[in-house]
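# Reading the structure
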Amino acid sequence: MTPIPDLHTHSIASDGTLTPGALVERAVRAGLTTLALTDHDTTAGVGEAAAAAAGHGLTLVPGVEVSVTWNARTIHVVGLNVDPVNPELAEGLARLRAFRDWRAEEIGRRLARHGIQGAYEGARAYAGGNLIGRTHFARFLVEQRLAADTGDVFKRFLTTGKPGHVAGDWASLEAAVGWIRAAGGQAVIAHPARYRLTRTKLLQLIGEFREHGGCGIEVVTSSHSRDEIFTFARHAREQRLLASAGSDYHGPEQPWLMLGRLPPLPDGCIPIWRDWSSCAVPAGAARATC
């Protein structure tokens, strides 16, 4: 059976550990026929991934994962089938990356005040000249034997109230969805269970998201339990949202998380890819968003 599309993955253009080309090669070996590259706040890896995919007969969906501040929380919105060079999207993402640059320096300063020297430089080395994310700090701190693993780093150093925490100042929900739609794409709420929202808050988020033109929600993703998959399948049906699926793959360092191993969408969901005449839309081409 052909695996369902994997519409949420990362490369070294953000906080993944594989180049876009290597990510595509791994997806091909896993038997995938459709893959979206959705790096955080950048589309820099899409060109390389698309070229590699063409050589393997894989359909590459150009995407991005946009950081959003909503009700003082950080929410992620995935854009699928975006034009990577759309000016409105490119300008918005550039502003987010500028904040990321400042945040990385500030995390380094705060960790230094806590007695951890060289964290910014260490994180920058892990980023390899690309966008510096908290995951790069986590890898450095594990290397320095200051934590057992990256999850331990986040709990002890990088979450609210911890020494290296810096609050996000991201895009508004309206702006993020607007950039994605301006680029011809479809906006999807990423890994919704991760936000630990009450039902009231979740429905508020979905309502505002739909008002701004968002149309999808990740039902199947690596951080969702079986029960959460069925819960968000129900929300997708009741709130008239298209259902997406993505591993949120960052690299082989997470052996429990593999490309091409996503379970199918529950019955009654409308896959976001159902009406795609082709899973990838040429750069600059117009398409219906939802």
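Residues numbered from 1 in each chain as written. Predicted model: local features only at pLDDT ≥ 70, side-chain atom pairs only at ≥ 80, totals over all residues. Heavy atoms only, no water.

### Some words on the packing of helix H1 (residues 20-29) against helix H2 (residues 46-56)
Cut-off, in case you're wondering: Orientation is described by axes fitted as lines to C-alpha atoms, over the contacting stretch for helices, and by angles from 0 to 180 degrees between their N-to-C directions. Secondary structure elements are taken from DSSP: a helix is a run of H or I of four residues or more, a strand is a run of E of two residues or more, and numbering for both begins at the N terminus. The crossing is said to be left-handed when, going from far helix to near helix, the turn is anticlockwise and less than a right angle, and right-handed when the turn is clockwise. Throughout, a contact is declared for two residues whenever any of their heavy atoms are within 4.5 Å. Here the term charged refers only to Asp, Glu, Lys and Arg, the term nonpolar to Ala, Val, Leu, Ile, Met, Phe, Trp, Tyr, Cys and Pro, and the term polar to all other amino acids, Gly among them.
One can describe the packing of H1 onto H2 by two numbers: an axis separation of 8 Å at closest approach and a directional angle of 35 degrees. Here the hand of the crossing between H1 and H2 comes out right-handed. Facing Pro20, Gly21, Val24, Glu25 and Val28 of H1, the residues of H2 in contact are Glu48, Ala49, Ala52, Ala53 and His56. Among the residues forming the contact of H1 with H2, the class breakdown is six nonpolar, two polar and two charged.

### Details of the pairing of strand S2 (residues 59-70)
Rules: Residue exposure (1.4 Å probe, protein chains only): buried if accessible area is under 20% of the type maximum, exposed if over 50%, otherwise partly exposed. Only when DSSP finds a minimum of two bridges between them are two strands counted as paired.
For S2, the buried fraction is high: 10 of the 12 residues fall into the buried class. Sheet topology places strand S1 (residues 34-37) next to S2; four bridges connect them, and they run parallel. Within the sheet, the bridge partner assigned to Ala36 lies in S2 and is Val61. Judged from the eight bridges that link them, S2 and strand S3 (residues 73-80) form a sheet pairing that is antiparallel. Looking at S3, one finds that Val66 is bridged to Val77. As consecutive antiparallel partners, S2 and S3 are separated by two residues, and within that stretch Asn71 has a phi angle of approximately 50 degrees, a positive value.

### Considering H1
This is how it is decided: Note: the arc covers the axis-to-C-beta directions of the helix.
Taken as a whole, H1 has its buried residues at Pro20, Gly21, Leu23, Val24 and Ala27. Angular distribution of buried residues about the axis of H1 spans 160 degrees; they occupy a single face of the element. In this structure, the buried residues of H1 make contact with S1 and H2. Just downstream of H1 lies Gly31, where phi reads positive at about 90 degrees.

### Observations concerning the sheet that holds strand S4 (residues 186-189)
The sheet built from six strands is open, its strands ordered S1-S2-S3-S4-S5-S6 with mixed pairing. In the strand order of this sheet, the two ends are held by S1 and strand S6 (242-246), each with one partner. Pairwise comparison of adjacent strand axes, ignoring direction, gives a mean angle of 40 degrees for this sheet. As judged from the two bridges shared by S4 and strand S5 (residues 216-221), these two strands associate in the parallel manner. Note that in S5 the partner of Ile189 across the bridge is Ile217. Seen against the sheet, helix H8 (residues 199-211) touches S2, S3, S4 and S5 and runs at an angle of roughly 175 degrees to S4.

### Overview of the pattern of salt bridges
We apply this condition: Note on definitions: salt bridges are taken to be side-chain nitrogens of Lys or Arg within 4 Å of carboxyl oxygens of Asp or Glu.
Taken as a whole, this structure holds nine salt bridges when the rule is applied. The partner of Arg100 in a salt bridge is Asp41, with the nearest N and O atoms 2.7 Å apart. Placement of the pair is Arg100 in helix H3 (residues 87-113) and Asp41 in the loop between S1 and H2, with a sequence separation of 59 residues. Take Arg100: its relative accessible area is 7%, and that puts it in the buried class. Looking at Asp41, the relative accessible area reads 0%, which means it is buried. Among the salt bridges present, the one from Arg113 reaches Glu106, with a minimum N-O distance of 4.0 Å. In this structure Glu106 comes out as buried when scored by relative accessible area, which is 10%. Taken together, the salt bridges that share partners define one network made up of Glu106, Arg109, Arg110 and Arg113.

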